[in-house]
Amino acid sequence: MTNSRRRAEDTCPVVYQCRLPLSTRTVDHLADLLRRHLKAIRSRWRILPPGKIAVIVLAVLRHDQRLADMAGGNDVSESTVRRWRDELIGLLAAQAPRLDRALKKVAKQGGELVLIDGTLIRTQRRTGSADRRNYSGKHRTHGLHFLALTDENGRLIWISAARPGRTHDNTAARHDHILAHLRAAGLGALADLGFRGLDNDILDPVIVTGYAASRTHKLTPGEKEANRILAVGRAPAEHGFAHLKNWRTLTKLRTDPARATRLLRALLVLTNLEINR
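Residues numbered from 1 in each chain as written. Predicted model: local features only at pLDDT ≥ 70, side-chain atom pairs only at ≥ 80, totals over all residues. Heavy atoms only, no water.

Moving on to the packing of helix H2 (residues 50–63) against helix H4 (residues 78–93). Following both chains from N to C, one finds H2 and H4 inclined at 85°, their axes separated by 10 Å at the closest point. Comparing their axes, H4 and H2 come out roughly perpendicular. The segment H2 lies against H4, with Ile53, Ala54, Ile56, Val57, Val60 and Leu61 engaging Val81, Trp84, Arg85, Leu88 and Ile89. In the contact of H2 with H4, the residues fall into 10 nonpolar, no polar and 1 charged. (Axes fitted to C-alpha atoms, helices over the stretch in contact; angles between N-to-C directions. Helix = DSSP H or I, 4+ residues; strand = E, 2+ residues; numbered from the N terminus. Parallel < 35°, antiparallel > 145°, perpendicular 65-115°, else oblique. Contact = heavy atoms within 4.5 Å. Nonpolar A, V, L, I, M, F, W, Y, C, P; charged D, E, K, R; others polar.)

With that out of the way, let us pick up the packing of aromatic side chains. Per the counting criterion, the structure on display carries 0 aromatic pairs. Across the ring face of Trp247, the terminal group of Arg62 is positioned such that the distance to the ring centre comes to 4.8 Å. (Phe/Tyr/Trp six-rings, centres within 6.5 Å; stacked < 30°, edge-to-face > 60°. Lys NZ or Arg CZ within 6 Å of the ring centre and 35° of its normal.)

What follows concerns the nonpolar core. Residues Leu61, Val81, Leu250, Leu267 and Leu270 are the most contacted members of the largest nonpolar core, which totals 47 residues. Elements that contribute at least two residues to this core include exactly helix H1 (24–40), H2, helix H3 (67–73), H4, strand E3 (141–150), strand E4 (156–159), helix H8 (221–244) and helix H9 (260–275). The element best represented in this core is H9, accounting for 9 residues. Every residue in contact with Leu267, bar those within four places of it in the chain, is listed here: Leu61, Leu244, Trp247, Thr249 and Leu250. Membership of the second largest hydrophobic core comes to 22 residues, among which are Val114, Leu149, Ala189 and Leu198. (Core = buried A, V, L, I, M, F, W, Y, C linked by side-chain atoms within 4.5 Å. Buried < 20%, exposed > 50% of the residue type's maximum accessible area, 1.4 Å probe, protein only.)

Attention now moves to the layout of surface pockets. Taken as a whole, the largest pocket spans an internal volume of roughly 550 Å³. Taken together, 19 residues line the largest pocket, and the ones lying closest to its centre are Val15, Tyr16, Met70, Gly73 and Asn74. For the lining of the largest pocket, the leading source of residues is H2, giving 5 residues. Residue composition of the lining of the largest pocket, by class: 10 nonpolar, 6 polar and 3 charged. (1 Å grid on protein atoms, 1.4 Å probe; cavity = no way out; pocket = protein on both sides within 12 Å on 5 of 7 lines; lining within 4 Å. Points joined across faces, edges and corners; volume = space filled by probe spheres on them.)

Attention shifts here to the environment of Ala266. With respect to the helices and strands, the residue Ala266 is situated in helix H9. Counting along the chain gives 206 residues from Ala266 to Val60, while the straight-line C-alpha distance between them is 13 Å. Beyond its immediate chain neighbours, meaning those up to four positions away, Ala266 contacts Ile89, Leu92 and Ala93.

Moving on, we get to the side chain of Thr167. Looking at the secondary structure, you find Thr167 in the loop between strand E5 (163–164) and helix H6 (169–175). Relative accessible area serves as the criterion here: at 17%, Thr167 is assigned to the buried category. At 2.8 Å, the side chain of Thr167 forms a polar contact with the backbone oxygen of Pro164. Those residues in contact with Thr167 that lie beyond four places of it in its chain are His145 and Ala172. (Polar contact = N/O pair within 3.5 Å; in protein donor to acceptor, adjacent residues only side chain to side chain.)

Below, the structure written as structure tokens:
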């Protein structure tokens, strides 16, 4: 075997096609959103048409494609693809509903309750003591904590801002004034045991959490049955999170945690577009 510094022949990059499992409605919505934005800022052109840019950004979000790979396959720079991604994420996040408006819409449509739950989106571990608060002892990994509300069918209607992974569900709910917003809208909520103690109103509770066993108190058959019924009612909330996490860019966030809130709210809009097609 001899060493050679000569380049191998035919070293040009190979480009392949990949199927994007999204509806044309989602692509058209994103392309129209970009067209309106370009018109509003009076931008003359982009190196690619809005429809093509929308497909590239959706591929990055859905399949977690590397920016450099998408740039090389479309003859643009990596920084250009990054700029397109951040631009469209910002436009989509602006369409995400506010908490009070989302609850009023549910009440106006005849809904009586919502489902509330928290989830952890894993992030890459960063060096330094500042990242220690992102460590979740429950999940034994680093991540960001989010609260989400869904309707009775599991459709996501609202998502909170990103918080450190060690944040408790009750702490996040109190910070967002969930209880006050529910009372103002006249709605109830089903939640897991992580929200116990959030609503201390015994006579007229708004948030129902079920019963918890302890060393001195074993659950009665009636309490076990109540927990089972509550678990069945809360199941659609898990389906809502499953739809959201189909976007593989959330597999392990590499973005700045400060931008994670906009990303999650943008994906909320895209998820609802796919579910309601």
